[in-house]
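Examining the three-dimensional arrangement
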Amino acid sequence: MNFELTPEQQRIQSLARQFAQEEVAPIAREADERGEFPAHLVERMGVLGFLAGPTTDDGRQTTKLTTDYLSYALICEELGRADSSVRGFLTVHAGLVTGCIREWGTDEQKAHYLPRMATGEWIGCYALTEPNAGSDAASIETTATPAEDGYLLNGEKIWITNGMSAHVAIVFARLSPTSEVQSPKSEDATVDTRPHKQICAFLVETATPGFHREPMPGKELGHRASEHVRITLRECHVPSSALLGAPGEGFKVAMSGLDRGRLGVAAGALGVAQACLDASVEYSKERRQFGKRIADFQAIGATLADMAADVQSARLLTYHAAWLQDQGLPSTKAASIAKLFATEAAVRAASEAVLIHGNRGYSNEYPVERYYRDIKGLQIYEGTSHIQRIIIARELVGRAE
């Protein structure tokens with residue numbers, strides 16, 4: 001792995017940093033307080049080329065900006081330093097939805113959706129989580145019943161990011177008990193009835209009759225500017241052409257998306273940790289007690305050193321996971337390790353940043369309070385820290401017989 005960014009990656013990093021610091025950060029506090037996503041930033045991200053999503057095939061890019069996986073991670077990192085809600089929008093729209101369409105879609109699906117999504121004309125959401133199915137994606141209860149020229153979808157999805165503004169959703173549903181997924185290898189093949197083999201992915205346009213959405217109730221701890229909604233599907237008819245991938249491949253589609261999502265979350269957590277370190281260094285040099293800077297106290301200095309070590313470790317793990325994806329190499333374990341370490345490191349950094357800021361850190365006078373609230377969400381999104389440990393362990397020792 002080359003530890004130096006290419007000139008193009010440096011350009012993208014600089015562009016993302018300028019956008020994040022000049023256009024995102026100044027309005028992050030207000031967006032958090034109002035609980036409203038700054039929608040005008042979507043068009044700006046489209047103009048900058050951030051919405052096209054990561055790919056290893058430059059020839060299929062739909063904008064002037066070539067975004068490999070490492071460049072995508074750099075963008076998410078810079079956005080994470082400024083506002084986790086904006087970073088969350090990008091990870092879902094570009095990493096999960098656009099990425100899955102690019103990897104699994106037909107030529108017709110790609111031609112229809114990707115150009116619109118690259119500009120922000122259309123917004124995507126990823127409808128996987130349900131009341132009784134979160135980390136255990138194979139247990140989803142939403143059903144897909146074969147109907148004339150397509151399927152009828154029925155079920156409920158919750159905590160769907162971008163859900164209110166989305167024009168298209170990737171909806172994961174289980175084929176109804178009357179349906180069977182036949183292996184395409186031969187007509188005599190045995191039907192695979194394992195739960196995850198009955199899941200299908202569908203591209204559902206949100207204007208479709210039977211597709212209903214509403215904001216999730218209550219006020220969230222963090223990511224308050226994000227759109228989190230409940231989607232209810234009632235006899236929602238979609239054509240057969242809405243299938244993303246083959247029947248029964250929905251679980252594979254979901255897992256491929258989560259690998260990209262975990263990279264985006266890891267990079268976003270890295271950005272939060274870096275922001276906490278930057279804020280703590282600046283404040284500790286300004287704040288004076290007992291006649292000297294608090295940065296000169298050994299305890300504070302040691303804390304800053306630990307934060308810096310965590311940030312650098314998280315950066316290397318995250319960039320390595322992105323590099324593996326750019327090489328087309330297996331990256332599930334690396335993405336989970338990066339997501340686990342980066343989020344846990346950022347939790348430690350946010351906690352220490354609030355403590356270093358004292359009573360000022362306990363209010364929204366300084367942004368470390370928001371970082372502290374937001375980072376808990378990154379520990380949960382795309383699989384909790386507990387789930388990441390399970391994934392990593394399975395990659396190390398294999399599944400139980």
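Residues numbered from 1 in each chain as written. Predicted model: local features only at pLDDT ≥ 70, side-chain atom pairs only at ≥ 80, totals over all residues. Heavy atoms only, no water.

Okay, the overall build of the protein next. Within the protein, the secondary structure is distributed over 10 helices and 9 strands. Taking 401 residues into account, the globule formula puts the C-alpha radius of gyration at 21 Å, and the protein, at 22 Å, falls close to it. Dimensions of the protein along its principal axes, counting C-alpha atoms only, are 80 × 45 × 40 Å. Counted over contacts in the protein with a minimum sequence separation of 6, partners at least 24 positions apart contribute 76%. Just so you have it, the protein exposes about 18000 Å², and 52% of that area is on carbon and sulfur atoms. Here the protein contributes 41 positively and 51 negatively charged side chains, and the mean placements of these two sets differ by 6 Å. (Helix = DSSP H or I, 4+ residues; strand = E, 2+ residues; numbered from the N terminus. Rg over C-alpha atoms; globule rule 2.2 N^0.38 Å. Contact = heavy atoms within 4.5 Å. Areas by Shrake-Rupley, 256 points an atom, 1.4 Å probe, with all protein chains shown as cover. Lys, Arg positive; Asp, Glu negative; His and termini not counted. Charge placed at Lys NZ, Arg CZ, Asp CG, Glu CD.)

Turning our attention to the pairing of strand E7 (residues 228–239). Note on strand geometry: in a regular strand, side chains alternate between the two faces of the sheet. As judged from the 9 bridges shared by strand E3 (residues 150–161) and E7, these two strands associate in the antiparallel manner. Looking at E7, one finds that Thr161 is bridged to His228. Across 5 bridges, strand E6 (residues 211–215) lies against E7 in antiparallel orientation. Across the sheet, the residue bridging to Pro215 is Val229, located in E7. (Pairing = 2+ DSSP bridges.)

In this section: helix H4 (residues 84–104). With 21 residues, H4 should cover 30 Å at 1.5 Å per step; its first-to-last C-alpha distance of 28 Å lies within 8% of that length. At Thr98, H4 shows its strongest bend, of approximately 30 degrees. Across the 21 residues of H4, 20 count as buried, placing the element largely inside the fold. In this structure Asp83 caps H4, since a side-chain oxygen of it lies 2.9 Å from the backbone nitrogen of Ser85. (Expected span 1.5 Å × (residues − 1). Bend = angle between axes of the 7 residues up to and from the residue. Buried < 20%, exposed > 50% of the residue type's maximum accessible area, 1.4 Å probe, protein only. Polar contact = N/O pair within 3.5 Å; in protein donor to acceptor, adjacent residues only side chain to side chain.)

Membership of the largest hydrophobic core comes to 63 residues, with the highest contact counts inside it found for Phe19, Met45, Phe50, Leu79, Leu90, Cys276 and Ile375. Secondary structure elements with two or more residues in this core: helix H1 (7–34), helix H2 (40–48), helix H3 (69–82), H4, helix H6 (250–286), helix H7 (298–326), helix H8 (332–357) and helix H9 (368–380). No other element matches the 13 residues that H6 contributes to this core. Core analysis: the second largest hydrophobic core is formed by 25 residues, Val92, Trp104, Leu128 and Ile140 among them. (Core = buried A, V, L, I, M, F, W, Y, C linked by side-chain atoms within 4.5 Å.)

What follows concerns the pattern of salt bridges. Scanning the entire structure with this criterion turns up 17 salt bridges. Between Glu8 and Arg11 there is a salt bridge, with the nearest N and O atoms lying 2.9 Å from each other. Separated by 3 residues within a single helix, Glu8 and Arg11 lie in helix H1, roughly one turn from each other. Residue class for Arg11 comes out partly exposed when judged on its relative accessible area of 40%. The salt bridge partner of Asp278 is Arg81, with a shortest N-O separation of 2.8 Å. Pair noted here: Asp278 is in helix H6 and Arg81 is in helix H3, with a separation of 197 residues, a long-range link. (Salt bridge = Lys/Arg side-chain N within 4 Å of Asp/Glu carboxyl O.)

Attention now goes to the packing of H4 against helix H5 (residues 107–119). One way to put it is that H4 packs onto H5 with a least axis distance of 9 Å and a crossing angle of 160 degrees. Regarding the angle of H4 to H5, the classification is roughly antiparallel. In the packing of H4 onto H5, the handedness of the crossing is left-handed. For the pair formed by H4 and H5, the contact residues are His93, Val97, Thr98, Ile101 and Arg102 on the first element and Gln109, Lys110, Tyr113, Leu114 and Met117 on the second. For the contact of H4 with H5, the per-class residue count stands at 5 nonpolar, 3 polar and 2 charged. (Axes fitted to C-alpha atoms, helices over the stretch in contact; angles between N-to-C directions. Parallel < 35°, antiparallel > 145°, perpendicular 65-115°, else oblique. Left-handed = near helix turned anticlockwise from the far one by under 90°. Nonpolar A, V, L, I, M, F, W, Y, C, P; charged D, E, K, R; others polar.)

With that settled, consider the confidence of the model for the protein. Averaged over the protein, the pLDDT score is 92; the fraction of residues at 70 or greater is 93%. Between residues 58–66, whose pLDDT stays under 50, and residues either more than four places distant or in other chains, the model counts 25 contacts. A low-confidence stretch, residues 182–190 stays under pLDDT 50, and its non-local contacts, those more than four residues away or across chains, total 5 contacts. (pLDDT = per-residue confidence, 0-100.)

Backbone geometry at Asn162 places phi at a positive 75 degrees, although glycine is not the residue there. Tracing the chain through its elements places Asn162 in the loop between E3 and strand E4 (168–175). Since its relative accessible area comes to 5%, Asn162 is described here as buried. Phi angles above zero are rare outside glycine, and Glu382 is one such case at about 55 degrees. Tracing the sequence through the fold places Glu382 in the loop between H9 and helix H10 (385–397). Here Glu382 falls in the buried class, since its relative accessible area comes to 16%.

Turning to the packing of aromatic side chains, a few remarks are in order. Inspection of the entire model under this criterion finds 7 aromatic pairs. The interplanar angle of 80 degrees and the centroid separation of 6.3 Å between the aromatic rings of Phe290 and Phe297 together place this pair among those described as edge-to-face. With a relative accessible area of 76%, Phe290 lands in the exposed category. Looking at Phe297, the relative accessible area reads 26%, which means it is partly exposed. (Phe/Tyr/Trp six-rings, centres within 6.5 Å; stacked < 30°, edge-to-face > 60°.)

As for its position among the elements, Gly155 is in strand E3. Assessed through its relative accessible area of 23%, Gly155 is described here as partly exposed. Linking Gly155 and Ala73, residues 82 residues apart in sequence, is a C-alpha distance of 33 Å. Ignoring sequence-local partners within four residues, the contact set of Gly155 consists of Thr142, Ile231, Thr232 and Leu233.

Our focus in this paragraph is the packing of H3 against H6. At a minimum axis distance of 7 Å, the contact between H3 and H6 shows a crossing angle of 40 degrees. In this view, H3 runs oblique relative to H6, as classed from their interaxial angle. The interaxial crossing formed by H3 with H6 has right-handed handedness. Contact with H3, carried on its side by Tyr69, Tyr72, Ala73, Cys76, Glu77, Gly80 and Arg81, involves Arg260, Leu263, Gly264, Ala267, Gly268, Leu270, Gly271, Val272, Gln274, Ala275 and Asp278 of H6 and no other residues of that element. Across the contact of H3 with H6, the residue classes break down as 9 nonpolar, 5 polar and 4 charged.

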